[in-house]
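Inside the fold
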Amino acid sequence: MGKNLHCKHNHPLNLITRRIENYFNNNYRNNWRAPMFSKFDRISPVVTLTQNFDSLLVPSDHPSRALSESYYLNSEYMLRAHTSAHQSDLIKQGLDAFLVLGDVYRRDTVDASHYPVFHQMEGVRLFSKQELFSHLGDTSRVTFFENGSRDATKQERHTIETSLCLEENLKNTLRNLANNLFGDDVEMQWVDAYFPFTHPSWELEIKYQGEWLEVLGCGIVEQEILSSAGADSRVGWAFGLGLERLAMRLYSIPDIRLFWSEDSRFLDQFNVEDPNTKITYKPFSKQSPVINDVSFWVPDDFSENDFYDIVRNIGGDIVENVELFDNFVHPKTKRKSKAYRITYRHMERSLTKREANEIHSGIVAAGVQQLGIQER
Ligand code: PHE
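Predicted model only: the values in this text are computed from it and were never measured. (Residues numbered from 1 in each chain as written. Predicted model: local features only at pLDDT ≥ 70, side-chain atom pairs only at ≥ 80, totals over all residues. Heavy atoms only, no water.)

**Notes on the domain arrangement of the protein**
Counted only if it meets this: As used throughout, domain bounds are those supplied by an automatic or database domain assignment. Should any heavy atoms of two residues lie within 4.5 Å, those residues are considered in contact. Defined here as a combined quantity, buried area equals the accessible surface (1.4 Å probe) lost by two parts on assembly, summed across both. One speaks of a salt bridge when a side-chain nitrogen belonging to Lys or Arg is within 4 Å of a carboxyl oxygen belonging to Asp or Glu. What qualifies as a polar contact is a pair of N or O atoms within 3.5 Å, subject to a donor-acceptor requirement within protein and to the restriction that residues adjacent in sequence count only when both atoms come from side chains. Lys, Arg, Asp and Glu make up the charged group, whereas Ala, Val, Leu, Ile, Met, Phe, Trp, Tyr, Cys and Pro make up the nonpolar group; the residues left over, Gly among them, are polar.
Annotation of the protein at the domain level lists domain 1 (5-257) and domain 2 (290-375). Computed from C-alpha coordinates alone, the two centres of domain 1 and domain 2 are separated by 35 Å. Contacts between the two partners involve 14 residues from domain 1, matched on the other side by 14 residues from domain 2. Here domain 1 packs against domain 2, burying approximately 1200 Å² in sum over the two surfaces, 46% of which is carbon and sulfur. Area buried by domain 1 at its contact with domain 2 is led by Arg 107, Val 110 and Arg 257, which between them contribute 57% of it. Summed over the shared surface of domain 1 and domain 2, the result is 3 salt bridges. Of the charged contacts in the structure, one is a salt bridge between Arg 107 and Asp 309, with a shortest N-O distance of 2.6 Å. On inspection of domain 1 and its partner domain 2, the count reaches 11 residue pairs in polar contact (both at pLDDT 80 or more). Residue composition of the side of domain 1 that touches domain 2, grouped by class: 5 nonpolar, 3 polar and 6 charged.

The following block contains the structure:
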């Protein structure tokens, strides 16, 4: 915590952040010609469960609340799992358009694109009736709100015009952003999605190395969130984008651990004044990996993310990947067994077998002690 990579000059996350901010500042101005979107990039990642979940209408039995998904400090506080945790507070403060940047924390698998901390940018924009339908000139013939029903395209309080107009505005904003970052020929597609705090909701995917890569979630803000925050006369959209995902794609950075590297051979490649400079990351060393397997019996309450946390805590950034390659239930005793393949590779220097083996034994020992696993 506290590294604030997104604020660190000449860090790839800072470069991409500045590009996105420039896009918003250049294209969106208020009536006084000042930038429309206020930026918040230093809000503490320690938030209440209310901020992270309740304020966003996340149901009390929603899987994202599980202890195995997030980092909890106690029953009241946690490390934010997304920048959406700040939506409601900022709307309450009276803001109509804002960007929130910050580190977010999630317990997850261990591989080249997942890390327990990563960075997001949240964007929220609210509209009055006049603002949303400003292109019409005369807005007296359109209806903003209704007491209707919810279906795939709209919420109960929104008219179809309101919902479609918001959708169009949101998708245009994000499509233009993607073109601004990746060029006019980038291939993208919208996929229907579900979030408790928006409806309808979508994900934007962009083509990368022949595959679709999800880069953001977005949607029309649930009206109930706006009314609880004192903005019931407005409607709005929100998006949350993953900065590492975008930066890995933009600069061809192959492994998410590199963002934490302090090696000048990494950082110097991003030492440019103009964030629009085209940069393609050149790997400065390709070390060979050490691969070790481990298989063990697990207790009934075993959670995979507990094991992944131990691997990251003990192995640090030397662990590249953890793969579950065998899942087995003993036919008689019903005991469960799991086998993982752990790939160790240092990003900056070579790693000896001995060094990797020591870390590996440390991981197994911690698993035995903390999780009650039993090596087979
Ligand atoms: N908070 C969501 C996530 O982290 C992304 C999101 C933000 C979706 C805003 C909709 C609106 O996955």
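**Topic: the sheet that holds strand β8 (residues 211-221)**
The condition that has to hold: Between any two strands, at least two bridges found by DSSP are needed for them to pair. Secondary structure is summarised from DSSP: a helix means a run of H or I of at least four residues, a strand means a run of E of at least two, and numbering begins at the N terminus for each. The axes used here are C-alpha line fits, helices contributing only the stretch in contact, and every angle between their N-to-C directions lies in the interval 0 to 180 degrees.
Strand order across the open sheet formed by 7 strands is β1-β4-β5-β9-β8-β7-β6, with mixed pairing between neighbours. Every interior strand has two partners, whereas the edge strands, β1 (38-40) and β6 (188-195), have only one. Pairs of neighbouring strands in the sheet enclose a mean axial angle of 25°, with direction left out of account. Sheet topology note: the strand β5 (residues 117-127)/strand β9 (residues 235-242) ladder contains 8 bridges and is antiparallel. Bridge pairing in β9 links Met 121 to Leu 241.

**What about the UniProt feature "domain: FDX-ACB" (unreviewed entry) in the protein?**
Applied cut-off: UniProt positions are given in the numbering used here, feature names are shortened, and annotations may be inferred rather than shown by experiment.
UniProt annotation of "domain: FDX-ACB" (unreviewed entry) refers to residues 285-376 when read in the numbering used here. Helix makes up 34% of residues 285-376 and strand 34%, and the two end C-alpha atoms of the span are 36 Å apart.

**Topic: the packing of helix α9 (residues 304-315) against helix α10 (residues 353-371)**
Stated precisely, the cut-off is as follows: Each angle receives one of four descriptions, namely roughly parallel if under 35 degrees, roughly antiparallel if over 145, roughly perpendicular if within 65 to 115, and oblique otherwise. Less than a right angle of anticlockwise turn of the near helix away from the far helix marks a crossing as left-handed, whereas a clockwise turn marks it as right-handed.
Two numbers describe how α9 lies on α10: the axes approach to 9 Å, and their chain directions differ by 135°. Classed by the angle they form, the pair α9 and α10 counts as oblique. Two packed elements cross with a definite hand, and for α9 against α10 that hand is right-handed. In this structure, α9 uses Asp 306, Phe 307, Ile 310, Val 311, Ile 314 and Gly 315 to contact α10, whose residues at the interface are Ile 359, Gly 362, Ile 363, Ala 366, Gly 367, Gln 370 and Leu 371. Considering only residue class, the contact of α9 with α10 consists of 8 nonpolar, 4 polar and 1 charged.

**Section: the pattern of salt bridges**
Spelled out, the test is: Under the scheme applied here, a residue whose accessible area is under 20% of the maximum for its type counts as buried, over 50% as exposed, and between as partly exposed, the area being computed with a 1.4 Å probe on protein chains only.
All told, the structure shown has 22 salt bridges when counted by the stated rule. Among the ionic pairs, Lys 338 bridges to Glu 304, the shortest N-O distance being 3.7 Å. Here the residue Lys 338 occupies a position in strand β12 (residues 336-344), and Glu 304 occupies one in helix α9, the gap between them amounting to 34 residues. Overall, the relative accessible area of 10% leaves Lys 338 in the buried class. Overall, Glu 304 belongs to the partly exposed group, its relative accessible area being 25%.

**Observations concerning the packing of aromatic side chains**
Basically, it comes down to this: The rule is short: rings of Phe, Tyr and Trp, with Trp giving its six-membered ring, pair when the centres are within 6.5 Å, and they are stacked under 30 degrees, edge-to-face over 60, tilted in between. Two thresholds decide whether a charge sits over a ring: the Lys NZ or Arg CZ must be within 6 Å of the ring centre and within 35 degrees of the ring normal.
What the rule picks out here adds up to 21 aromatic pairs. Ring geometry for Phe 296 versus Phe 302: centroids 6.1 Å apart, planes at 65°, classification edge-to-face. Across this residue pair, the class does not change: Phe 296 and Phe 302 are buried. Judged by centre distance (6.3 Å) and plane angle (45°), the rings of Trp 297 and Phe 328 are tilted. With Trp 297 in strand β10 (residues 290-298) and Phe 328 in strand β11 (residues 319-329), this residue pair connects regions lying 31 residues apart in the sequence. The residue whose ring lies beneath Arg 341 is Phe 325, and the NZ or CZ to ring-centre distance is 4.6 Å. One Lys or Arg, Arg 376, reaches over the ring of Trp 297 and ends 4.6 Å from the middle of that ring.

**Section: the UniProt feature "domain: Aminoacyl-transfer RNA synthetases class-II family profile" (unreviewed entry) in the protein**
In this structure's numbering, the residues bearing the UniProt feature "domain: Aminoacyl-transfer RNA synthetases class-II family profile" (unreviewed entry) are residues 102-275. With 26% helix and 30% strand, the stretch residues 102-275 has end C-alpha atoms that lie 19 Å from each other.

**A word on the layout of surface pockets**
Stated formally: Cavity means a closed set of points on a 1 Å grid over the protein atoms alone, one where a 1.4 Å probe fits but cannot get out, pocket means an open set with protein on both sides within 12 Å along at least 5 of 7 lines, and lining means a residue has an atom within 4 Å of a point. Grid points are joined across faces, edges and corners, and a volume is the space filled by probe spheres set on the points.
Looking at the largest pocket, its volume works out to about 990 Å³. If you go around the largest pocket, you meet 43 residues; those closest to its centre are Ala 81, Arg 106, Phe 118, Gln 120 and Glu 214. Elements that contribute at least two residues to the lining of the largest pocket include exactly β5, β6, β7 (198-208), β8, β9 and α7 (243-251). Among the residues making up the lining of the largest pocket, the classes are represented as 18 nonpolar, 16 polar and 9 charged. Approximately 330 Å³ is the volume attributed to the second largest pocket. Looking at side-chain class alone, the lining of the second largest pocket contains 4 nonpolar, 3 polar and 4 charged residues.

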